[in-house]
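# Descriptive analysis of the structure
Okay, here's what each chain looks like letter by letter:
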Amino acid sequence: MSFEAFRVTPGTSVDLASWPTRSDVGWDRGKEEGKRRVEVLAARLAELQELFYADGGHRLLAVLQAMDTAGKDSTIRDVFGRMNPQGVRVASFKKPTARELAHDYLWRVHPHVPGDGEIVIFNRSHYEDVLVVRVDGLAPEERWRKRYDHIVEFERMLSDEGTTIVKFFIHISREEQAERLQARLDDPGKHWKFDPGDIETRKKWDDYMAAYAEMLGRTSTEFAPWYVIPGDRKWYRKLAIGEIVVGVMEGLGLEYPEAPDLDGVVIE
Ligand code: AMP
Ligand code: MG
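The structure presented is a predicted model; accordingly, all values stated were derived computationally and were not measured. (Residues numbered from 1 in each chain as written. Chains lettered and ligands numbered in written order. Predicted model: local features only at pLDDT ≥ 70, side-chain atom pairs only at ≥ 80, totals over all residues. Heavy atoms only, no water.)

## Describing helix α9 (residues 205-219)
What sets the pattern is the α-helix's 3.6 residues per turn: residues three or four places apart point alike. Worth spelling out the cut-off: Starting at the N terminus, helices and strands are each numbered in turn, a helix being any DSSP run of H or I of at least four residues and a strand any DSSP run of E of at least two. Multiplying one less than the number of residues by 1.5 Å gives the expected span of a helix. Relative accessible area decides the class of each residue, using a 1.4 Å probe on protein chains only: under 20% of the type maximum gives buried, over 50% gives exposed, and in between gives partly exposed.
In a regular helix each residue adds 1.5 Å, so 15 residues correspond to 21 Å; α9 covers 21 Å between its end C-alpha atoms and thus fits that length. Counting buried positions over the 15 residues of α9 gives 11, a clear majority of the element. Among all positions in α9, only W205, Y208, M209, A211, Y212, A213, E214, M215, L216, G217 and T219 are buried.

## Thoughts on the site of ligand 1
The line we're drawing: Each residue is tested against the molecule or strand, and it is near if at least one of its non-hydrogen atoms lies within 4 Å. Polar contact is defined as a pair of N or O atoms within 3.5 Å, subject to the rule that within protein one atom must be able to donate a hydrogen and the other to accept it, and that residues adjacent in sequence are counted only when both atoms are side-chain atoms. Per-residue accessibility takes into account occlusion by the displayed protein chains alone, with areas from the Shrake-Rupley method and a 1.4 Å probe. Gly falls in the polar group here, along with every residue not listed as nonpolar (Ala, Val, Leu, Ile, Met, Phe, Trp, Tyr, Cys, Pro) or charged (Asp, Glu, Lys, Arg).
Ligand 1 sits among F93, K94, K95, P96, R108, R124, E128, D129, V132, V133 and L138. Between an oxygen atom of ligand 1 and a side-chain N or O atom of E128, the distance comes to 3.1 Å. D129 has a polar side-chain atom sitting 3.2 Å from a nitrogen atom of ligand 1. Expressed as a share of its isolated accessible area of 500 Å², the protein-covered part of ligand 1 is 78%. For the shell around ligand 1, the per-class residue count stands at 5 nonpolar, no polar and 6 charged.

## Overview of unusual backbone geometry
Leaving glycine out, the prevailing phi sign among residues is negative, and the prevailing peptide bond configuration is trans. Backbone geometry places T69, a non-glycine residue, at a positive phi of 75 degrees. Within the secondary structure, T69 sits in the loop between β1 (59-66) and α2 (72-79). Among the residues examined, T69 registers a relative accessible area of 10% and is labelled buried. One non-glycine residue, R124, lies in positive phi territory at about 70 degrees. On the secondary structure map, R124 appears in the loop between β3 (119-123) and α4 (132-135).

## Quick look at the pairing of β3
Basically, it comes down to this: Strands are treated as partners if at least two bridges between them are detected by DSSP.
Burial of β3 is extensive: 5 of the 5 residues sit out of reach of the surface. Residues I119, I121 and N123 line one face of β3 and the alternating positions V120 and F122 line the opposite face, and both faces are buried. Bridge analysis of β1 against β3 gives 5 bridges, and the strand direction is parallel. What sits directly across from A62, in β3, is I121. Where strand β2 (residues 88-92) meets β3, 5 bridges bridge the pair, whose relative direction is parallel. Note on β3: the bridge partner recorded for V90 is I121.

## Let's talk about the nonpolar core
Applicable threshold: The nonpolar core is taken to be a set of buried Ala, Val, Leu, Ile, Met, Phe, Trp, Tyr and Cys residues, with the residues joined through side-chain atoms within 4.5 Å.
With 77 residues, the main nonpolar core has L16, F122, F168, Y212, M215, L216 and M249 as its most contacted residues. If one sorts the elements of this core by residue count, helix α10 (residues 234-250) sits on top with 9 residues.

## Quick notes on the packing of aromatic side chains
How we decide: In summary, the pairing rule links any two rings of Phe, Tyr or Trp, Trp by its six-membered ring, whose centres are within 6.5 Å, and it sorts them by plane angle into stacked for under 30 degrees, edge-to-face for over 60 and tilted for everything else.
Tallied over the full model, the rule gives 9 aromatic pairs. Seen from their ring centres, Y127 and W226 are 4.8 Å apart, and the 65 degrees between their planes marks the pair as edge-to-face. You can see Y127 sitting in the loop between β3 and α4 and its partner W226 sitting in strand β5 (residues 226-230), a full 99 residues away along the chain. Summarising the aromatic geometry, the rings of W144 and Y148 are spaced 6.4 Å apart at their centres and angled 90 degrees between planes, so their arrangement reads as edge-to-face. Of the two residues examined, W144 and Y148, each falls in the buried class.

## What about a nonpolar patch on the surface?
The condition is simple: Patches were defined on residues exceeding 30% relative accessible area and lacking a salt bridge, with like-charge contacts within 9 Å and nonpolar side-chain contacts (Val, Leu, Ile, Met, Phe, Trp, Tyr) within 5 Å. Here, a salt bridge means any Lys or Arg side-chain nitrogen found within 4 Å of an Asp or Glu carboxyl oxygen.
Taken together, the side chains of L262, V265 and I267 present a nonpolar region at the surface, about 350 Å² in accessible area. Tracing the sequence through the fold places V265 in the segment after α10.

## What to know about helix α7 (residues 174-186)
Filter applied, for reference: An arc is given here, and it is the one of the directions from the helix axis to the C-beta atoms.
Look at α7: 18 Å from first C-alpha to last across 13 residues, which is about the 18 Å you get at 1.5 Å a residue. Restricting attention to buried positions, one finds in α7 the residues E176, Q177, R180, L181 and R184. Looking straight down α7, one finds that the buried residues subtend no more than 135 degrees of arc, so they occupy a single side. Exposed positions of α7 whose direction lies more than 90 degrees from the buried face are E175, E179 and D186.

This is the structure in structure tokens:
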């Protein structure tokens, strides 16, 4: 699968400047066809999710991380949004509450992982604890630095216990983010999406890229790989994520459970 080009090989260091924010890998039929493909993929994911639920023997966790405006929310809507809400959950991780901060950083995360037959999408995740926490100095370095190892072991445990994990970093350029923030400013209908905090975060772009790069290099594993998805074109980002998730689900060998013996059953 050509989208495997975006997979971060475990144990390699990542220089994000050399990873594309725009790409045609795996698609040469242009934007309009690409958008139609996204709809086909979303429909396919809905079918696969029903089978996944019926099979009941797997758990799937998809993690989304990105800079502001990169499209985590619209990916959830347009790629995963056709799935049956009974089998899918989104867990969004915001600034921790006082109670969450009074615990270790994985405490608030673990209750949200998927159970049998469930698909869970993390909209941000435990990775914020090596991203914003690092960039904003919310914990001392000797504390957050140990977290890469914890996270790898946490995900190894989830994987050993039957969870399939796939992680996406949506990679947008600084220029593309400027355009999207400007578009939000220019359109009163989008003002509700405008978070002045995003401007402050944007000022720390290079620090974030360094934090993301180290995170990708240290925590991409065979059992929980990171994919760096070119994010400057919205349709391509959704197409790539959709193709990868379809590939992962098709690779699980899902089966409908054996039907009961219905011979002679009569509905009166
Ligand atoms: P949004 O996803 O745009 O609604 O914003 C959520 C905000 O919560 C972002 O600014 C994140 O950086 C922040 N956030 C998420 N997790 C953490 C964390 N563990 N520590 C501090 N801030 C966090
Ligand atoms: Mg935001």
